[in-house]
Amino acid sequence: MATLDRVNLTIENPWEEEPEEYSSGLPAAPPSRIEIPAALAGQRIDQALAQLLPEHSRNRLQGWVREGAVLLDGVQVAPKHKVWGGEWMSLSLPESVADETHAAQDIPLRIVFEDDTLIVIDKPVGLVVHPGNGNRDGTLLNALLHHDPALAALPRAGIVHRLDKDTSGLMVVARTLQSQTDLVRQLQARSVSRHYLALAQGSLAARQGTVDEPIGRHPVHRTRMAVVASGKPAVTHYTVRRRYEDCTLVECRLETGRTHQIRVHLAHLGHPLVGDALYAGRRHRLGPAFPRQALHAFRLALVHPASGQPVAWEVPLADDLTQLIDSLERP
């Protein structure tokens, strides 16, 4: 904690963000049959659905139409198909939004804030966010289902964005379908702000800068991301907070939320994160030894889905990163 007091964490623009969002998946089944009102005449069917079912995201609705889960007068149509009023839409959707059945597990959670709408978590190092290959349980999702069994009714137990297993810090989880959709839309609209502290190898030449380079799957090493011309646009802003002998403490804020974005962009600059075995490679051995990528999400700000008011939270660095920086501060 003392280290945080010494390091200037002034946020120059707290409303930049990293929209590293999930698709919200499938929600609870809406009415099975809906008549298109005349007031929506001339609109695309996905636009009409967005007004008739505002609790669901546009991407989700478009997916239903493409998959044939939404029929117009008994016929499958494309999302761009126009409606003229009086048609009947029939919806054949799952009764449950859960991707699959996951076990509730009594895994301790560091809850920073919770109310009826959302939960804010300080994710510890080593906790996987969502079950997947090699991590079928023991994840944040399993812990959330134990903390609040009602989250089983939501896609991914309300999770709307993620952090890497070995990245620590703040995450927000929705407690209702409406708030989950709202948070996903905020991420897409770039009105969610997430700030990170990263310890980069070497000394960055500029006090601040921007990396504007597309990120996509590495053409050879498929488990890695990379700066590639065919990738998706990715923009990272960084500011140097403290320089040490062979590493630099950097605050990062992102305009986009690509997988591993901070790690990839700093490695692209020639300054991979301390402890980042995936992106540092054998050529980079600067900085102190550290068992994980030195990256922590320390600030989260968003518009509360229920109140419509801006809210924000900050947490101290994870203990291991605090100890590392404390060691660098010693003469």
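A. Summary view of the overall build of the protein. Scanning the protein from N- to C-terminus turns up eight helices and 15 strands. Counting only residues that meet the buried cut, the protein has 49% of its 331 residues in that class. Considering only contacts in the protein between residues 6 or more positions apart, those separated by 24 or more positions represent 69%. Taken as a whole, the protein presents about 15200 Å² of accessible surface, with 48% of it coming from carbon and sulfur.

B. Representation of the pattern of salt bridges in the model. All told, the structure shown has nine salt bridges when counted by the stated rule. Among the ionic pairs, Arg175 bridges to Asp148, the shortest N-O distance being 3.0 Å. Here Arg175 is found in the loop between strand E7 (168-174) and helix H5 (177-189), whereas its partner Asp148 is found in the loop between helix H4 (140-147) and E7, with 27 residues between them in sequence. Since its relative accessible area comes to 23%, Arg175 is described here as partly exposed. The partner of Arg241 in a salt bridge is Glu251, with the nearest N and O atoms 2.7 Å apart. Here the residue Arg241 occupies a position in strand E12 (residues 235-243), and Glu251 occupies one in strand E13 (residues 247-254), the gap between them amounting to 10 residues. According to the relative accessible area criterion, Arg241 is buried, its value standing at 12%. One continuous salt-bridge network, built from bridges that share partners, spans Glu114, Asp148 and Arg175.

C. Inspection of the sheet that holds strand E1 (residues 33-35) at higher detail. If you trace the four strands from one edge of the open sheet to the other, you get E1-E4-E2-E3, paired in antiparallel fashion. Bordering the open sheet on either side are E1 and strand E3 (75-76), each of which pairs with just one other strand. In this structure, strand E2 (residues 70-72) lies alongside E3, joined through two bridges in antiparallel fashion. Paired with Leu72 across the strands is Val75, a residue of E3.

D. Representation of the packing of helix H2 (residues 45-52) against helix H3 (residues 58-66) in the model. Where H2 contacts H3, the two axes come as close as 9 Å, and the packing angle between them is 125°. Considered as vectors, H2 and H3 are oriented oblique to each other. The handedness of the crossing between H2 and H3 is right-handed. On H3, the residues touching Ile45, Asp46, Gln47, Leu49 and Ala50 of H2 are Arg58, Leu61, Gln62 and Val65. Residue classes in the contact of H2 with H3 are distributed as five nonpolar, two polar and two charged.

E. Geometry of the confidence of the model for the protein. Here the protein averages 84 in pLDDT, and 85% of its residues register 70 or above. Within the model, pLDDT remains below 50 along residues 1-30, and this stretch shows 122 contacts once partners closer than five positions in the same chain are excluded.

F. Spatial organisation of the packing of aromatic side chains. Within this structure, the stated rule accounts for one aromatic pair. For the pair Phe113 and Trp313, a centre-to-centre distance of 5.5 Å together with 40° between the ring planes defines the contact as tilted. Taken together, the positions of Phe113 in strand E5 (residues 111-114) and Trp313 in strand E15 (residues 310-314) put the pair 200 residues apart, joining distant regions of the chain. On the accessibility criterion, Phe113 (28% relative accessible area) is partly exposed.

Rules and cut-offs
- Residues numbered from 1 in each chain as written.
- Predicted model: local features only at pLDDT ≥ 70, side-chain atom pairs only at ≥ 80, totals over all residues.
- Heavy atoms only, no water.
- Helix = DSSP H or I, 4+ residues; strand = E, 2+ residues; numbered from the N terminus.
- Buried < 20%, exposed > 50% of the residue type's maximum accessible area, 1.4 Å probe, protein only.
- Contact = heavy atoms within 4.5 Å.
- Areas by Shrake-Rupley, 256 points an atom, 1.4 Å probe, with all protein chains shown as cover.
- Salt bridge = Lys/Arg side-chain N within 4 Å of Asp/Glu carboxyl O.
- Pairing = 2+ DSSP bridges.
- Axes fitted to C-alpha atoms, helices over the stretch in contact; angles between N-to-C directions.
- Parallel < 35°, antiparallel > 145°, perpendicular 65-115°, else oblique.
- Left-handed = near helix turned anticlockwise from the far one by under 90°.
- Nonpolar A, V, L, I, M, F, W, Y, C, P; charged D, E, K, R; others polar.
- pLDDT = per-residue confidence, 0-100.
- Phe/Tyr/Trp six-rings, centres within 6.5 Å; stacked < 30°, edge-to-face > 60°.

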